[in-house]
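Residue-level structure breakdown
Spelled out from the first residue to the last, the chains are:
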Amino acid sequence: MNLPELSHAERAQLSAATVRGLQPGAHRMTIGLRPLEPSDWIAWFPDHDAQLQEKERVLVAQSDVLSALPEAKLASAELVAKLGRQLPRELPRHYRAEGRRLQVMATGARVDLDCDGLEAMRTAARLVPDDLVVMLPDADDTYILAAAALCFPTRWRLADKVGHPMLAIHAPVPGYAEQIGRATDKVMSKITAERPLWRQNWSIVDSPALYQPVRIPMPAPRTPAEAGEHFWLRSERQCLVRLPRSRAVVFSIRILQVSVAQACTQPGVAASLVEQIETMPDSLRGYKQLQDAASPLREYLRSALAAEQSQPPHHA
């Protein structure tokens, strides 16, 4: 998505949504799950159309973005049916029901809702900007990744995770197993269809590409002043939604991203990023690939923070 295509108001709206993933104060690893209104599952943001158009391109260009194990047949069909009901009801300007098809206004596609398995995951990918991961409980009530449409990964590959439980999926994340692994597994078992949950995280990347299974080599910024436009604050709005018939939990991932410079137009963001990066464990900073970015990015953020602090207080 090309950010200049958005109006000033739309940029501000997208920035505000992206920075919700930032925690105030020092870095700490938490699950951070909150109740989600079922009607808010697939939320609209100003880059909605651009992301759906990019998904159509990725689905044609990339062969590694869809997967479905045989046991996910019922869950994948149930997921498409749920989207087919909810989207025209909650976002009528963007979707139109046409019998057993759904018209997607952003792309002009008329998508057939009668499908399952791998084709259902392709259909689901074409319907919403969110990536969709279907987690199914095994005989021990441990949830495994059984199907997914992952067009916009943040530096991980779907093929490496299919069939694995949550702990194995997140094994590369320093501190995950020790700090929140067991708690996350318990949450998965307790989610009900009536009470979905959501959380939001953040990372900093040096490319605005949405399809990013690995780091894309980019030239480093020459000066701290360039770092604000070079680096991107990339956030994931993650929702956990139960499908009652199949007992699957859908883990949806909506990518929100703006340049760091754009993010720092939001009050307090520069301060939060400085503190988060400086208090993050070295192992996690390395995992997030912030080591190389540390010097120019920190200098940029400190200058943005100083500029914000020098502004006179606003009085209503």
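This report concerns the structure included in the present document. (Residues numbered from 1 in each chain as written. Predicted model: local features only at pLDDT ≥ 70, side-chain atom pairs only at ≥ 80, totals over all residues. Heavy atoms only, no water.)

Overview of the pattern of salt bridges
The following threshold applies: We define a salt bridge as a contact between a side-chain nitrogen of Lys or Arg and a carboxyl oxygen of Asp or Glu at a distance within 4 Å. The buried label goes to any residue with under 20% of its type's maximum accessible area, the exposed label to any with over 50%, and the partly exposed label to all in between, with areas taken from a 1.4 Å probe on protein chains only.
Tallied over the full model, the rule gives 14 salt bridges. With its nearest N and O atoms 2.6 Å apart, the salt bridge here joins D206 to R215. Since its relative accessible area comes to 35%, R215 is described here as partly exposed. Through salt bridges that share partners, R155, D206 and R215 make up one connected network.

Remarks on the packing of aromatic side chains
How we decide: Between 30 and 60 degrees the pair is tilted, below 30 it is stacked and above 60 it is edge-to-face, where a pair is any two Phe, Tyr or Trp rings, Trp via its six-membered ring, whose centres lie within 6.5 Å. The criterion for a charge sitting over a ring is simple: Lys NZ or Arg CZ within 6 Å of the ring centre, and within 35 degrees of the ring normal.
Scanning all chains against the criterion turns up 0 aromatic pairs. Positioned over the ring face of F152 is K55, at 5.9 Å from the centre of the ring. When the ring centre of W198 is taken as reference, the NZ or CZ atom of R237 above it lies at 5.6 Å.

A short note on unusual backbone geometry
Our working definition: Here a strand is any run of E in DSSP of at least two residues, a helix any run of H or I of at least four, and the numbering for each starts at the N terminus.
The backbone phi angle of R155 is positive, close to 60 degrees, even though this residue is not glycine. Its location among the elements puts R155 in the loop between β7 (143–149) and α5 (166–169). In this model, R247 sits at a positive phi of 70 degrees, which is unusual for a non-glycine residue. The exposure class assigned to R247 is partly exposed, which follows from its relative accessible area of 43%.

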